Every structure is written in structure tokens, then in C-alpha cells.
Amino acid sequence: MIVVSGIAEYREARRKMNLSGPLVFVPTMGALHAGHGALISMARGLAGSAGAVVASIFVNPSQFGPNEDFHRYPRPFAADTALLNELGTDLLFAPDVSRMYPAGPAVVTVDPGPLADVLEGAIRPGHFRGVCTVVAKLLAIVTPDILILGRKDYQQQAVVKQMIQDLNFCTSLVVAPTVREPDGLAMSSRNRYLSADQRPRAAAIYQALQKGRDMVLTGRADTASLNALMTEHINRAGLTVDYALACDPDTLAPCAKYVECPVVLLAAARLGNTRLIDNLLIEK
Ligand code: AMP
């Protein structure tokens, strides 16, 4: 695996690859786990032997709020590069902040539009502007044919999908399923913040989503009762719910009085200082 940190260096390495197959890109913030690993393996499959898998590791300051975990976000670079290498990544782009924002924060930024006003966007103002801006920059640098994002960050993939469509990026988006721990907790770099006491309780988020799914699949689910069921289950485990809502999978608008499929159940909750998100898409 080639590792580059500079933009010119990346472009030179990309040119030398002289590809006859697709370049498949997996952007990450590092602190990699099996969820990221699944995205890289999927990328390897899509790229084949004629294409290439490019990953990036960049903890993007502009998507963190002032009181969020930018400074303490884990950065186990040696372990991350070993995993990427093992899974068949061809090229890792790992810039530092001064390479991505040499003159300080970007002056021209991407307006993420109305999908970013709700849920995570309402709780983390500016988050999706930061996400869209860095993804736009990464797409301009990496120039991939295919971009892989995880469904774990449901709203993120929805916002980026809209950006790719509206700004005509020459990249197709592939969304990969969520990889979970054996008890159902969605894998996340932030899970390592959880104490031994907190860790088992974190599974309540996925349990709540499953209870919600059961309610949807057993018949005519009343939206308010469904949202209350999920919220109460998470609260009972001692987490603080930011939201637990049934929404339209495309517009992210909350369901009207009754839930109709397809629907996405989205939840965010805090456990001590750790904020966790998860979702479940129910297509029929
Ligand atoms: P992050 O490093 O958290 O920015 O995540 C990088 C990419 O990995 C994003 O597209 C995430 O949605 C995806 N991802 C993170 N956790 C998981 C997971 N448990 N399963 C599948 N994809 C994931």
C-alpha cells in the first residue's frame, strides 16, 4: 500500500496507477474497526484487479462543534494502516489539517441543503456543512469512480447523495450495510470511549430499533406510539435520548400519524460523554 499525505503527491501516485478499472474510494476518520473493514472489502470487490482501492484518513475539524471530541478523537495511525494494507487497499491518502486547509478554514463551503436541518443537523449545527465541504474536497482530490459510505451514518449518506446529484460530481455512491457487534451495537470509533459498565447498556439503541421494526411489521403502527416505544426502551437503559424517530428514508421528514413502509428508524442517544447514533431501514 502506498501512503501519501500531500495532495500533489496523491495526484502523482494516482496518475502512475494508470487504471483500466474503477477507482473506488472509502473516506474515513481513522480509528478503524470491522465496519470500515467491510467497506474496504466491498471496495476491493468493486475495483477488481484492474481498478484500485483508495482510502483516506482525515479527522476533519470543520465537522466537529466547539464542544465536541475533535481533540480526543482516537488516532491509532499504525494500527489503521496495518488493517488497510491487510484488506488490500492500494493507496492511503492521509493528509493533516494544514494540507487540507492551508489557509485556515475554507472560505467557500458547501451548503448541505434542507436534509441537514433536521436530526443530527439540528443538534450539531454546521456538522453537515463541514461534512459536505470535506467530501467535496476529497472527491476533487481523489477523483473516484465510486464512493462507498456506510448506512450507519444514514443522514450523512443522504446529504452526500444529494450533493453528488445537485453538483454533478462524476462519482457513483454505493451505500454499505451497517456492521454490528454480536449484541447488535453498531460498530463505531466512538464505542471505545465506553466504560465496561456503559458498553452493555449501549446495545439498548439497536434493541429499541428492533422493537420499532417489530411494531412496524406487525401491522398499522401509530407513529407517536412507535417513537415512544423506542425512546422509553433507550431511556430505561440509562441513556439520554436525543431523538428516536420514524422518518421518510428519502426526505427524512418524520412520518405522519401512521408509519408506512419504506421507513427509516433513526436514533441518537448519549451515554456519559459519548454520543451514539444508529438506524434501521425497513423497506417492506
Ligand atoms: P468514520 O470514520 O466514522 O467517518 O466512518 C467512515 C465511513 O465508515 C462512513 O461512511 C461510515 O458510515 C462508515 N461506517 C462507520 N461505522 C460503520 C459500521 N458499523 N458499519 C458500516 N459502515 C460504517
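Residues numbered from 1 in each chain as written. Predicted model: local features only at pLDDT ≥ 70, side-chain atom pairs only at ≥ 80, totals over all residues. Heavy atoms only, no water.

Our focus in this paragraph is the nonpolar core. The biggest cluster of nonpolar side chains holds 39 residues, and the ones touching the most others in it are Tyr10, Met100 and Leu266. Contributing elements (two or more residues each) for this core: α1 (7-17), β2 (23-28), β4 (91-93), α6 (127-142), β5 (146-150), α7 (154-166), β7 (240-247) and β8 (263-271). Among the elements that line this core, the one with the most residues is α6, at ten residues. Looking at which domains feed residues into this core, each of domain 1 (2-176) and domain 2 (189-282) supplies at least three. If we skip the residues at most four places from it in the chain, Met100 touches Phe58, Phe93, Pro95, Val134, Lys137, Leu138 and Ile141. The next biggest cluster of nonpolar side chains, apart from the first, holds 28 residues, and it includes Ala204, Met230, Val259 and Ala269. (Core = buried A, V, L, I, M, F, W, Y, C linked by side-chain atoms within 4.5 Å. Buried < 20%, exposed > 50% of the residue type's maximum accessible area, 1.4 Å probe, protein only. Helix = DSSP H or I, 4+ residues; strand = E, 2+ residues; numbered from the N terminus. Domains from an automatic or database assignment. Contact = heavy atoms within 4.5 Å.)

Inspection of the entire model under this criterion finds four aromatic pairs. For the pair Phe58 and Tyr101, a centre-to-centre distance of 6.2 Å together with 40 degrees between the ring planes defines the contact as tilted. Taken together, the residues span a long stretch of sequence, with Phe58 in the loop between β3 (52-57) and α3 (77-86) and Tyr101 in the loop between α4 (97-100) and α5 (120-123) at a distance of 43 residues. Residue Phe58 is classed as buried on the basis of its relative accessible area, which comes to 5%. Note on Tyr101: relative accessible area 7%, which makes it buried. Here Phe64 and Tyr73 contribute two aromatic rings whose centre-to-centre distance is 5.9 Å and whose plane-to-plane angle is 75 degrees, an arrangement assigned as edge-to-face. As far as burial versus exposure is concerned, Phe64 and Tyr73 are alike and both buried. (Phe/Tyr/Trp six-rings, centres within 6.5 Å; stacked < 30°, edge-to-face > 60°.)

This paragraph deals with the domain arrangement of the protein. In terms of domains, the protein is made up of domain 1 (2-176) and domain 2 (189-282). Of note, the centres of domain 1 and domain 2, computed from C-alpha atoms alone, are 26 Å apart. For the domain 1 and domain 2 pair, buried surface summed over both sides reaches about 1900 Å², with 55% attributable to carbon and sulfur atoms. Contact with domain 2 buries surface across domain 1, with Arg72, Leu119 and Tyr154 losing the most and accounting together for 33% of the total. Run the count over domain 1 and domain 2 and you get two salt bridges. Close ionic contact of Arg190 with Asp69 constitutes a salt bridge, the shortest N to O distance being 2.8 Å. Linking domain 1 to domain 2 there are twelve residue pairs in polar contact (both at pLDDT 80 or more). (Buried area = accessible area lost by both parts, 1.4 Å probe. Salt bridge = Lys/Arg side-chain N within 4 Å of Asp/Glu carboxyl O. Polar contact = N/O pair within 3.5 Å; in protein donor to acceptor, adjacent residues only side chain to side chain.)

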